[in-house]
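The chain contents come next:
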Amino acid sequence: MKVVPEGGDVVIEMLGRFSVLVGDREITERDWLARRARELAALLALAEGHRLMRDQVVEQLWPHLGAQAGAANLRKAAHHARRTLGDPEAVVLRGGRVELFPKQTVSVDVHRFLREADVATRRRRR
């Protein structure tokens with residue numbers, strides 16, 4: 001089921017294919033300028049509150065690199081993600097955190113699926 005965003009909301013689909021709907025603009029896998037930028041957006045989309053500590057992101061995406069090299073790669077991936085998503089506030093690095101669209105409502109199909117599955121499981125147990 002395709003969810004259409006209202007206002008400034010962002011809809012991320014990860015089940016089946018990866019796409020991001022920002023307003024009326026859809027970004028598909030082939031639109032990403034860099035693979036790591038897409039992976040960064042996906043990682044943040046799945047995180048609680050769509051944010052992680054910088055060290056967690058570096059460890060997930062560049063486990064073989066040291067802190068400085070990982071931080072440099074993170075800055076580059078965030079830059080590419082912002083360009084692809086068309087919003088300078090799409091990925092924010094601040095205070096040791098990395099956040100995805102911190103000023104907008106983000107809806108992720110994986111989270112919706114898990115909530116609905118949980119409700120169905122609870123109903124079945126009754």
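Residues numbered from 1 in each chain as written. Predicted model: local features only at pLDDT ≥ 70, side-chain atom pairs only at ≥ 80, totals over all residues. Heavy atoms only, no water.

(A) Looking closely at the sheet that holds strand β6 (residues 97-100). What the 3 strands build is an open sheet, ordered β4-β6-β5; its pairing is antiparallel. Looking at strand neighbours, the two that pair on one side only are β4 (51-53) and β5 (91-94), the edges of this open sheet. The sheet shows a mean angle of 15 degrees between the axes of neighbouring strands, taken without regard to direction. Of the strands in this sheet, β4 and β6 touch helix α2 (residues 54-61), which is tilted by about 90 degrees from β4. Taken strand by strand, helix α3 (residues 67-85) contacts β5 and β6, and its axis lies near 145 degrees from that of β5. (Pairing = 2+ DSSP bridges. Helix = DSSP H or I, 4+ residues; strand = E, 2+ residues; numbered from the N terminus. Axes fitted to C-alpha atoms, helices over the stretch in contact; angles between N-to-C directions. Contact = heavy atoms within 4.5 Å.)

(B) Geometry of the sheet that holds strand β2 (residues 19-22). Spatially, the 4 strands line up as an open sheet ordered β3-β2-β1-β7, and their pairing is mixed. The two strands at the open ends of the sheet, each matched to only one other strand, are β3 (25-28) and β7 (106-108). Neighbour-to-neighbour, the strand axes of this sheet turn through a mean angle of 15 degrees, independent of strand direction. Packed on one face of the sheet, α3 meets β2 and β3 and runs near 135 degrees to β3.

(C) Quick look at the packing of α2 against α3. In the contact formed by α2 and α3, the axes pass within 10 Å of each other and the chain directions differ by 95 degrees. Accordingly, the angle class assigned to the pair α2 and α3 is roughly perpendicular. Contacts between α2 and α3 involve Arg54, Val57 and Val58 on the former and, on the latter, Gly70, Ala71 and Leu74. Each residue belonging to the contact of α2 with α3 can be placed in one class, and the counts come to 4 nonpolar, 1 polar and 1 charged. (Parallel < 35°, antiparallel > 145°, perpendicular 65-115°, else oblique. Nonpolar A, V, L, I, M, F, W, Y, C, P; charged D, E, K, R; others polar.)

Read these as spatial facts, not as claims about activity.
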